[in-house]
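A look at the structure
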Amino acid sequence: MKFYAKVTSNDLTKALNGISAWDGKTRLGIENALQDGTKNIARGARQKVSQRTGKLKKSIKSGFDRRKQEGTVRAKTPYAHIVEFGAKAHVVRPKNKKALTVAAGGEVIFRKSAKIPARKGRPFIEPSFEAEEPKIVSSMKKVLNK
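We now turn to the structure provided with this report. (Residues numbered from 1 in each chain as written. Predicted model: local features only at pLDDT ≥ 70, side-chain atom pairs only at ≥ 80, totals over all residues. Heavy atoms only, no water.)

On to the overall build of the chain, then. Helices and strands together make up the secondary structure of the chain, namely five helices and six strands. For the chain, with 146 residues in total, the buried portion stands at 29%. Long-range contacts, defined as pairs at least 24 residues apart, comprise 63% of the intrachain contacts of the chain with a sequence gap of at least 6. Accessible surface, the chain: about 10,700 Å² in total, of which carbon and sulfur atoms supply 51%. (Helix = DSSP H or I, 4+ residues; strand = E, 2+ residues; numbered from the N terminus. Buried < 20%, exposed > 50% of the residue type's maximum accessible area, 1.4 Å probe, protein only. Contact = heavy atoms within 4.5 Å. Areas by Shrake-Rupley, 256 points an atom, 1.4 Å probe, with all protein chains shown as cover.)

Structural data, given as structure tokens:
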């Protein structure tokens, strides 16, 4: 699942676009502020995620690319986007067989289709980003004003 969230501060966007003009100390300060913010977003997402088995919580990872000045927070489970955004109700039908095989209560049942109910989203990455964004912007402004 890829989920992109962009910082909306115009001052910050202008500053990041001119990053090549800064001296090494300022550049390193900006990189550290972004990297720390990315780690904090991942930490917050791990705290906010609802868990049954803990697999989704363990799959939340963060990374930082110094060349692009870009931090990423991602959940590597195949169902993370369903938890984050929710899903509409839909019907599943077999593609290559005549029937679906459904295990229910220790019995095997064959069905022509299965109705999957709608699920509400339980966001965990987006609220973490929204909580951390002002802190990232203020820490970067501190670095730029030095």
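Picking up where we left off.
Before going further, it helps to spend a moment on helix H5 (residues 125-145). Taking 1.5 Å of rise per residue, the 21 residues of H5 would be expected to cover 30 Å, and the 30 Å separating its terminal C-alpha atoms lies within 8% of that figure. Where H5 bends most, at Glu132, the angle is about 35 degrees, and the proline Pro134 comes one to four residues later. Looking only at H5, the buried set comprises Ile125, Ser128, Phe129, Glu132, Glu133, Ile136, Val137, Met140 and Val143. (Expected span 1.5 Å × (residues − 1). Bend = angle between axes of the 7 residues up to and from the residue.)

Here we take up the environment of Phe64. Looking at where Phe64 falls in the secondary structure, it is placed in strand S1 (residues 60-65). Sequence separation between Phe64 and Leu34 is 30 residues, and the spatial gap between their C-alpha atoms is 8.1 Å. If we skip the residues at most four places from it in the chain, Phe64 touches Glu31, Leu34, Gln35, Thr38, Gln69, Glu70 and Gly71.

Of all hydrophobic cores here, the largest spans 20 residues; its most connected members are Leu34, Leu56, Ile60, Ala75, Phe124 and Met140. Taken together, the elements giving at least two residues each to this core come down to helix H2 (24-48), S1, strand S2 (70-75), helix H4 (80-85) and H5. Here the element with the most residues in this core is H2; it accounts for six residues. Contacts of Leu56, omitting those with residues within four sequence positions, involve Val49, Ala75, Thr77, Tyr79, Ala80, Val83 and Phe124. (Core = buried A, V, L, I, M, F, W, Y, C linked by side-chain atoms within 4.5 Å.)

Before going further, it helps to examine the side chain of Glu132. With respect to the helices and strands, Glu132 occurs in helix H5. Lacking a salt bridge, the buried Glu132 has Lys135 as its closest oppositely charged neighbour, with an N-O distance of 4.1 Å. Here Glu132 is in contact with Gly37, Asn40 and Ile41, once residues within four sequence places are set aside. (Lys, Arg positive; Asp, Glu negative; His and termini not counted. Salt bridge = Lys/Arg side-chain N within 4 Å of Asp/Glu carboxyl O.)

Inspection of every chain in the model, using the stated rule, returns two salt bridges. Here Glu31 ties to Arg66 by a salt bridge, and the two come within 2.5 Å at their closest N and O atoms. Linking Glu31 in helix H2 with Arg66 in the loop between S1 and S2, this pair joins segments that are 35 residues apart in sequence. Classification of Arg66 by relative accessible area gives partly exposed; the value is 37%. In this structure, the salt-bridge partner of Asp65 is Arg67, at a minimum N-O distance of 3.7 Å.

By the bridge criterion, six bridges tie S1 to S2 in an arrangement that is antiparallel. What sits directly across from Lys61, in S2, is Arg74. If you look at the hairpin formed by S1 and S2, you'll find four residues sitting between the two strands, and Gln69 has a positive phi there, around 55 degrees. (Pairing = 2+ DSSP bridges.)

Moving on, we get to H2. Its 25 residues give H2 an end-to-end C-alpha distance of 36 Å, which sits within 8% of 36 Å, the value for a rise of 1.5 Å per residue. Among all positions in H2, only Thr26, Gly29, Ile30, Glu31, Ala33, Leu34, Gly37, Thr38, Ile41, Ala42, Gly44 and Ala45 are buried.

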